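Structure assessment
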Amino acid sequence: MKSILQTYVDQEIWLLIRDKWYFGAIIGVSDELLWFKHRTHNKETEEDTLWERVVKISEVVAIDKVISVMSRKPDVFMSRLVETENNTNNHQQ
C-alpha cells in the first residue's frame, strides 16, 4: 500500500480510512504514516475548514481516483460535448 500511496503524492484522491471516506491531497508517505490534507464544509456556518491529518498506512482500507466529472445539467453537458468535439476536430486537422 505504501508504494501505491507514494504514486499519488500531490494529487487529490478519495481515501477510505477505517470506515470514513476523505477527499484530499496526499502530502507525504513515510514508513508507517500517511500525511494528507482535506476539507470539510459546515452547512450551518457555510465555512470550509482545511485539515491536515496523519494516519497509519495500515488504517487505509482503499483509495479511489476521480477520472472525470460529468454534469447532469443539460446546458453544461451540451457545452462540454461541443468543447470536446471542437478539441477532437482541432487535433485531427
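Whatever comes next refers back to the structure up there.
Residues numbered from 1 in each chain as written. Predicted model: local features only at pLDDT ≥ 70, side-chain atom pairs only at ≥ 80, totals over all residues. Heavy atoms only, no water.

**Quick notes on the sheet that holds strand E4 (residues 47-56)**
- Ordered in space as E4-E3-E2-E1-E5, the five strands form an open sheet in which the pairing is antiparallel. Here the strands that pair on one side only, and so sit at the sheet edges, are E4 and strand E5 (60-64). When strand polarity is set aside, the average angle formed by the axes of neighbouring strands in this sheet is 40 degrees.
- Sheet topology note: the strand E1 (residues 12-17)/E5 ladder contains four bridges and is antiparallel. Bridge pairing in E5 links Ile 17 to Val 60. (Pairing = 2+ DSSP bridges. Helix = DSSP H or I, 4+ residues; strand = E, 2+ residues; numbered from the N terminus. Axes fitted to C-alpha atoms, helices over the stretch in contact; angles between N-to-C directions.)

**Remarks on the nonpolar core**
- Residues Leu 5, Ile 13, Leu 15, Ile 17, Tyr 22, Ile 26, Val 29, Leu 34, Phe 36, Val 55, Ile 57 and Val 60 constitute the largest nonpolar core, which totals twelve residues.
- Of all elements in the fold, only E1, strand E2 (20-29) and strand E3 (33-42) reach the threshold of two or more residues within this core.
- If we skip the residues at most four places from it in the chain, Tyr 22 touches Ile 13, Trp 14, Leu 15, Ile 17, Phe 36, His 38 and Arg 53. (Core = buried A, V, L, I, M, F, W, Y, C linked by side-chain atoms within 4.5 Å. Buried < 20%, exposed > 50% of the residue type's maximum accessible area, 1.4 Å probe, protein only. Contact = heavy atoms within 4.5 Å.)

**What about the pairing of E4?**
- With ten bridges joining them, E3 and E4 adopt antiparallel strand pairing. When the bridges of E4 are listed, Trp 35 appears paired with Val 54.
- Count of turn residues in the E3/E4 antiparallel hairpin: four residues, of which Glu 46 carries a positive phi of about 55 degrees.

**Brief notes about the environment of Val 66**
- Mapped onto the fold, Val 66 is located in the loop between E5 and helix H2 (74-92).
- Taking the C-alpha atoms as reference points, Val 66 and Phe 23, separated by 43 residues in sequence, lie 9.8 Å from one another.

**What about the environment of Lys 37?**
- With respect to the helices, strands and loops of the structure, Lys 37 is situated in strand E3.
- Using a relative accessible area of 34% as the deciding quantity, one classes Lys 37 as partly exposed.
- A sequence separation of eleven residues divides Lys 37 from Ile 26, and the C-alpha atoms of the two residues are 6.6 Å apart.
- Here Lys 37 is in contact with Phe 23, Gly 24, Ala 25, Ile 27, Leu 50, Trp 51 and Glu 52, once residues within four sequence places are set aside.

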